[in-house]
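Observations on chain architecture
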Amino acid sequence: MTRRRSENPIDGPRASGFVTGKDGEAGDMSVYRRWSRTPTSRKTSRSKPDRILRQTPGARTCLIVCFGLFSIAAQTLLFREAMTAFEGHDIGVGCFFGAWFLWIAVGALIVFRFHGLVTRLTRITELLFVGYVPAFCLQYGLIVFFRELAGIEPYAFLSLQHILGGCLLVTTPVSLLTGVLFPVLCRWVKTESALPVGRVYVLEAVGSLLGGLGVTVLYYYGLSTACIFLVLATLTCAVAVWASWLQGPGKSDLGKRALTSMGLLLCVAAWILRADLSVTRMVQARKWQQLLPTGAMQDAFLTPQAEYLYGSYQDQWIVMREGSVCETLGDQTEAGRLAAMTLCQNVAAERILVLGDGLELCRRFLKSTHVSAVDWFHPDPHYIAAMTARVPETLRPKDERLHCHAGDVRAWLAGHAETYDIVMINLPETTNAVFMRFMTREFFAQVKQSLGYGGLVALGFPGGENVQGEELVYLGACTRATLGTQFSQTLLVPGERSFFLCSSLPYLDDSPVVLQRRFRTLKNALAIYPPEALST
């Protein structure tokens, strides 16, 4: 009796690479090949991951690129806000990045320790990616309200413990999610892709490059942090929707589609309502009220370097940067004191250079009839043009002897040797990298070369005439030692904000009687500052 060949040559207990024929002998392999090419076999032989790959290779690639883009761009935005919260300290910079990488490592360690977790998270990769949006919002809120959470007054200096603890707190959400998401993406690519896992590193690096460059360009053109974040959130949700909607059917897929689509719709609604403008205005108003609760903020302007708030306070026009006042117009007393402090030492000064907080100070110097020119520089090259365009008409400078410069003061000094009689360095803060470059021995050497015979340098630094903290004492001592490497005479002038007066010639006098008599010889001295007030 002859056996009939099975309809399916690989079904049954004797199935093997050959088709069995009469008495179990090996059959012709062509039968198997013909069967494997039937429409039914082609439909069922391809696995579900293979079908997904053929449908969404571009979506997966874009999602990995956007992972690197968002992680770097978001941390750049948050870092800029953190520098305001942590007063721009260099120690704060190191603590921020150290905590950032620490939480990334913790997130990766969590996934490594719990092997079953990565398998479950791989199924919701798109939702994890969309989770960057609420994580950013949470971290942004922690940074903005850091001082309230820590119970620190706005005017108080931050200790090392506060900076370190604050960085560990505010860097948690986005960094922890980044650490979890990276190994999940590697498993995602390994299980559902023909691409090597190493390609994740390449694509993530490309995204990081695009994210860093993109945020820099957007900041250069004056976009706010909230607006840039909304751009990133929209891009993130759009890529997640693309990846989730092109996958195969299933209840979990329907849930991912619904949630990612909801995130994208919320981003679109935020654009329609311009929620970024409302959030930006609210945060700016809070920063202003935190420092000047009785003042009235008018508006703000952005430069590639920082955000500036401006408004009125007690009949003065104020500009604020990174939680501290960097410009005051209308305060004739303080500006007059600084001008008189230097002019009483060098009453014949003609050429003056001012670096930093300077428009009202420049106006006081220009009251002297001996002064022929005042050059004004600021560490932020875009600040002077943006600020003077918003100054009230009554306070706008009109004297032709005032020259406002937008370039780098160091390049200017290199080409103007033995030019100035007075150099005033009046920076609001000297504890961050932006301003610390003007507190170095090399910069003081440039300033010294730009001084004419008998030239004078005035350098402001934080610290009043009352009891000072240990950090301010060390800062003042370090500044004094650095100045001593270039100038033979250094004189301390204490006050609400202290100054060092420096000269290469030993002519500086600290006698109030001598200084008053010398300042009175200056024509129009009373318009600058009351001479008798120099003794206080």
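Note that the structure is predicted; figures quoted are calculated from it, not measured.

A closer look at the pattern of salt bridges
Under the definition given, this model contains 13 salt bridges. Here Arg274 and Asp276 are joined by a salt bridge, their closest N and O atoms 2.8 Å apart. For Asp276, a relative accessible area of 3% puts it in the buried group. Among the salt bridges present, the one from Asp299 reaches Arg281, with a minimum N-O distance of 3.4 Å. You can see Asp299 sitting in strand β1 (residues 296–302) and its partner Arg281 sitting in helix α15 (residues 275–291), a full 18 residues away along the chain. Residue class for Asp299 comes out partly exposed when judged on its relative accessible area of 34%.

Topic: the packing of helix α13 (residues 225–245) against α15
Orientation of α13 relative to α15, taken along the N-to-C sense of each, is 145 degrees, at an axis distance of 8 Å. When you trace α13 past α15, the crossing you get is right-handed. Between α13, through Ala226, Cys227 and Leu230, and α15, the contact on the second element is made entirely by Asp276, Val279 and Thr280. Residues belonging to the contact of α13 with α15 are distributed by class as follows: four nonpolar, one polar and one charged.

Section: the sheet that holds strand β2 (residues 307–313)
One open sheet accounts for four strands, arranged β1-β2-β3-β4; its pairing is antiparallel. Each edge of the open sheet is held by one strand with a lone partner, namely β1 and β4 (324–329). Here the strands of the sheet are splayed against their neighbours by 25 degrees on average, with no regard to which way each runs. Pairing of β2 with strand β3 (residues 316–321) involves six bridges; the strand directions are antiparallel. For Tyr308, the partnering residue across the bridge sits in β3 and is Arg321.

Re the pairing of strand β6 (residues 373–377)
Buried residues dominate β6, accounting for five of its five residues. A two-sided burial pattern is seen for β6, the buried positions comprising Ala373, Asp375 and Phe377 on one face and Val374 and Trp376 on the other. In terms of strand pairing, strand β5 (residues 351–356) meets β6 through five bridges, oriented parallel. Residue Arg351 lies in a different strand from β6, and its bridge partner there is Ala373. Remark: the β5/helix α17 (residues 359–365)/β6 crossover connection has right-handed handedness. Note: β6 against strand β7 (residues 402–404), three bridges, orientation parallel.

Let's talk about the side chain of Ser261
Structurally, the position occupied by Ser261 is in helix α14 (residues 251–273). Here the side chain of Ser261 touches Arg257 through a polar contact of 2.6 Å, landing on its backbone oxygen. Sequence-distant contacts of Ser261, that is, excluding residues within four places in its chain, are made with Val241 and Trp245.

Here's the deal with the confidence of the model for the chain
A residue-level look at the chain finds 84% of positions with pLDDT of 70 or above and a mean pLDDT of 81. Segment residues 1–55: pLDDT under 50, and 46 contacts once partners within four positions in sequence are set aside and those in other chains are kept.

Here we look at the packing of aromatic side chains
What the rule picks out here adds up to 22 aromatic pairs. Each ring, one from Tyr308 and one from Tyr383, has its centre 4.9 Å from the other, and the planes form 40 degrees; the classification is tilted. Of the two residues, Tyr308 sits in strand β2 while Tyr383 sits in helix α18 (residues 383–388), which places them 75 residues apart along the sequence. No difference in accessibility class separates Tyr308 from Tyr383, as the two residues are buried. With centroids separated by 6.4 Å and ring planes inclined at 50 degrees, the aromatic side chains of Phe443 and Phe444 adopt a geometry described as tilted. Its relative accessible area of 1% is what places Phe444 among the buried residues. Taken together through their ring pairs, the aromatic side chains of Phe67, Phe70, Phe129, Tyr132, Phe182 and Tyr201 make up a single cluster. The ring of Tyr219 has Arg80 lying over it, and the distance from NZ or CZ to the ring centre is 4.0 Å.

Considering the side chain of Ser450
Mapped onto the secondary structure, Ser450 falls in helix α21 (residues 441–450). A distance of 2.7 Å separates a polar atom in the side chain of Ser450 from the backbone oxygen of Val447. Ignoring anything within four residues of it in the chain, the contact list for Ser450 reads Leu413, His416, Ala417, Glu418, Thr419, Tyr420 and Val423.

What to know about helix α6 (residues 115–122)
Here α6 has its buried residues at Val118, Leu121 and Thr122. Seen along its axis, α6 keeps its buried residues to an arc of 100 degrees; they face one direction.

Let's talk about the environment of Gly141
Along the chain, the position of Gly141 falls in helix α8 (residues 132–144). Given the relative accessible area of 25%, Gly141 is considered partly exposed. Remark: the alpha-carbon pair of Gly141 and Val170, spanning 29 residues in sequence, is separated by 8.6 Å.

Observations regarding the pairing of β4
Taken across its six residues, β4 has five buried, putting it largely inside the fold. Where β3 and β4 come together, five bridges link them in antiparallel fashion. In the strand pairing of β4, Met320 is matched with Val325.

Topic: the environment of Phe519
Summarising the element assignment, Phe519 is placed in helix α23 (residues 512–520). The class of Phe519 is buried, set by a relative accessible area of 0%. Setting aside residues no more than four positions away along its own chain, Phe519 makes contact with Ala340, Leu343, Cys344, Val347, Ala525, Ile528, Tyr529, Pro531 and Leu534.

Rules used throughout
- Residues numbered from 1 in each chain as written.
- Predicted model: local features only at pLDDT ≥ 70, side-chain atom pairs only at ≥ 80, totals over all residues.
- Heavy atoms only, no water.
- Salt bridge = Lys/Arg side-chain N within 4 Å of Asp/Glu carboxyl O.
- Buried < 20%, exposed > 50% of the residue type's maximum accessible area, 1.4 Å probe, protein only.
- Helix = DSSP H or I, 4+ residues; strand = E, 2+ residues; numbered from the N terminus.
- Axes fitted to C-alpha atoms, helices over the stretch in contact; angles between N-to-C directions.
- Left-handed = near helix turned anticlockwise from the far one by under 90°.
- Contact = heavy atoms within 4.5 Å.
- Nonpolar A, V, L, I, M, F, W, Y, C, P; charged D, E, K, R; others polar.
- Pairing = 2+ DSSP bridges.
- Right-handed = clockwise from strand over helix to strand, strands pointing away.
- Polar contact = N/O pair within 3.5 Å; in protein donor to acceptor, adjacent residues only side chain to side chain.
- pLDDT = per-residue confidence, 0-100.
- Phe/Tyr/Trp six-rings, centres within 6.5 Å; stacked < 30°, edge-to-face > 60°.
- Lys NZ or Arg CZ within 6 Å of the ring centre and 35° of its normal.
- Arc of directions from axis to C-beta.

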